[in-house]
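The lines below spell out each chain.
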Amino acid sequence: MSWHVLGAGSLGCLWAARLARTGTPVQLILRNPARLAAYQRAGGLTLVEQNQARHYVVPGQLADDASPIQRLLLACKAYDAESAIASIAPRLAPGAELILLQNGLGSQEAVAAQLPQARCLFASSTEGAFRDGAAPEGEWRVVFAGHGHTWLGDPHHETLPSWLGDLERGGIPHQWSPDILSRLWRKLALNCAINPLTVLYDCRNGGLREHATEVATLCIELGQLLQSCGQPGAAVDLHADVQQVIQATAANYSSMHQDVAQGRRTEIAYLLGYACATALRQRLILPHLVALHQRLQHYLDARGLPSH
Ligand code: NAP
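Residues numbered from 1 in each chain as written. Predicted model: local features only at pLDDT ≥ 70, side-chain atom pairs only at ≥ 80, totals over all residues. Heavy atoms only, no water.

Draft legend 1. Up close: the sheet that holds strand 6 (residues 69-74). The strand order 5-2-1-6-7-8-11-12 describes an open sheet built from eight strands, whose pairing is mixed. At either end of the open sheet lies a strand with only one pairing partner, and these are strand 5 (60-62) and strand 12 (174-176). Going across the sheet, the axis of each strand differs from the next one's by a mean of 25°, ignoring polarity. Both strand 7 (residues 92-100) and strand 8 (residues 119-125) contribute to a ladder of four bridges, which runs parallel. Bridge pairing links Ile-99 to Leu-121 in strand 8. The strands touched by helix 2 (residues 33-42) are strand 2 (26-30) and strand 5; relative to strand 5, the strand with the most contacts, the crossing angle is about 170°. (Pairing = 2+ DSSP bridges. Helix = DSSP H or I, 4+ residues; strand = E, 2+ residues; numbered from the N terminus. Axes fitted to C-alpha atoms, helices over the stretch in contact; angles between N-to-C directions. Contact = heavy atoms within 4.5 Å.)

Draft legend 2. Here's a closer look at the nonpolar core. Of all hydrophobic cores here, the largest spans 64 residues; its most connected members are Leu-72, Leu-74, Ile-88, Trp-185, Val-242 and Leu-289. Per-element tally for this core: the top contributor is helix 6 (residues 180-200), with twelve residues. Counting 33 residues, the second largest nonpolar core, distinct from the first, contains Ala-16, Leu-45, Leu-73 and Ala-123. (Core = buried A, V, L, I, M, F, W, Y, C linked by side-chain atoms within 4.5 Å. Buried < 20%, exposed > 50% of the residue type's maximum accessible area, 1.4 Å probe, protein only.)

Draft legend 3. Spotlight on the pattern of salt bridges. Scanning all chains against the criterion turns up 14 salt bridges. Two residues, Arg-35 and Glu-139, come together in a salt bridge whose shortest N-O distance is 3.1 Å. Placement of the pair is Arg-35 in helix 2 and Glu-139 in the loop between strand 9 (128-131) and strand 10 (141-146), with a sequence separation of 104 residues. What makes Arg-35 partly exposed here is its relative accessible area of 26%. For Glu-139, a relative accessible area of 30% gives the class partly exposed. In this structure, Asp-166 and Arg-71 form a salt bridge, with 3.6 Å as the shortest nitrogen-oxygen distance. One end of the pair, Asp-166, is in helix 5 (residues 164-170); the other, Arg-71, is in strand 6, with 95 residues separating them in the sequence. Under the relative-accessibility criterion, Asp-166 is labelled buried at 10%. (Salt bridge = Lys/Arg side-chain N within 4 Å of Asp/Glu carboxyl O.)

Draft legend 4. Just the sheet that holds strand 3 (residues 45-49), in detail. In space, the four strands of this open sheet follow the order 4-3-10-9, with mixed pairing throughout. Strands at the two margins of the open sheet, each flanked by one partner only, are strand 4 (52-56) and strand 9. Averaged over all pairs of adjacent strands, the angle between strand axes in this sheet comes to 25°, irrespective of strand direction. Examined bridge by bridge, strand 9 and strand 10 share four bridges and lie antiparallel to one another. Looking at the pairing, Ala-129 lines up with Phe-144 of strand 10. Most of the contacts of helix 1 (residues 10-20) go to strand 3, to which it runs at about 90°, and overall it touches strand 3, strand 4, strand 9 and strand 10.

As structure tokens, then:
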């Protein structure tokens, strides 16, 4: 049975290459005819792993292809998820299964609500990859920059999907997580405590050691948010974990900092925006988190980047 990967970007290509290299049938769904033609001219995708580039001839297609979709990896950004899914929804076979790879929260629920007939699995990944746009193969040369792990789970059913063996064979490190929402909330809280401040102070993660009180205050409010939305487990030792991440990744620029520095849209609406909207719904007053959100929105507005 074939996999379909919707979104031929960094993570989409990383997954497609690893599935394809063990003979698992996989198809990439490209955005439009121009992108498909460019992909076909490149002759497939290239994955660079430990400085070794390998080419994979993964077939490409468009969203309106006639073949049914049984297994889909949704590998676009959170803000593209709903429209991307709408474009392939008529092709989903009965009992289709989807893995939603998006960062943050909000897009997964929106996609699942669009597809009551499909099984939507949520994923949280610590793997890192980027597109090496300067290479002759163009955007389909992807560098596997950070080895990590992907947790997969279904908030509504505990039954393991039948295809975990495909990931095993492809060497995609993964683990079934019965409490995937807790993982996604924890990651969102870590992101909210670190990424926006690195943008506002234009610094590497380690630069936040100079703003320790502000980070600590945010962690208190994020902990209150996690408690109030039924995720107390995700609140345990949050501040210590945030400090540890700042220390361990001191030399790195956060993903949000990189997006802003390169003039790319951020996923703010699914991270800090989602946190603040949830607090509002819970009638929880979190003044520092709300002020941070407003500062970040002004910062993005001033640079002509979407802030919602
Ligand atoms: P990316 O490199 O920007 O790739 C997204 C891809 O989706 C692009 O190729 C884009 O096409 C495509 N796309 C968007 N809408 C589409 C549509 N309607 N039809 C077909 N293709 C469509 O993004 P990414 O870095 O892989 O990130 C994907 C998600 O994973 C994000 O939520 C991100 O936060 C999360 N994540 C990424 C990493 C990482 O290291 N990259 C790590 C952990 C989590 P165009 O090129 O035509 O725009």
